[in-house]
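Residues per chain, in single letters:
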Amino acid sequence: MELADCMSELAGLLRFFIEIRNYSYVDRISNALTYDPVEIAVKDALRHIRSLYDASFKDASGLSAVKIDGKSKILPKIPSEECVKAVLEAIREDISVARRLAVLALSYG
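Report follows, based on the coordinates. (Residues numbered from 1 in each chain as written. Predicted model: local features only at pLDDT ≥ 70, side-chain atom pairs only at ≥ 80, totals over all residues. Heavy atoms only, no water.)

### A word on the pattern of salt bridges
Then step 1. The tally for this structure, following the rule as stated, stands at five salt bridges.
Then step 2. Put simply, Asp44 and Arg28 hold a salt bridge, and the shortest N to O gap is 2.7 Å. Of this pair, Asp44 sits in helix 3 (residues 35–54) while Arg28 sits in helix 2 (residues 24–30); the two residues are 16 residues apart in sequence, bridging distant segments of the chain.
Then step 3. What makes Arg28 partly exposed here is its relative accessible area of 32%.
Then step 4. Close ionic contact of Asp44 with Lys43 constitutes a salt bridge, the shortest N to O distance being 2.7 Å.
Then step 5. Residue classification places Lys43 among the partly exposed positions, given a relative accessible area of 47%. (Salt bridge = Lys/Arg side-chain N within 4 Å of Asp/Glu carboxyl O. Helix = DSSP H or I, 4+ residues; strand = E, 2+ residues; numbered from the N terminus. Buried < 20%, exposed > 50% of the residue type's maximum accessible area, 1.4 Å probe, protein only.)

Below is the structure:
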């Protein structure tokens, strides 16, 4: 898979947290000056989404959803291991990729 596609997958995951007004992951990624805080933020976001999947239900369309503030929210696709590795490696090589990831997440998908 191309890096741009992988960036879109990971941005989609982060976009879910933005939609539920949890900006912490994208803020930590966009403000990072080194690789380590980005890796930790991505790990935390992946852990959080997996926890939400554990508590999810199937909505009328058969998609996994959770109730947040009394509203059903469809859960995003969890990015593949291949994509997470590719994005993290790109960020390790050039920290500005992390800011681009954050910008993608903040844009409309």
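On we go from here.
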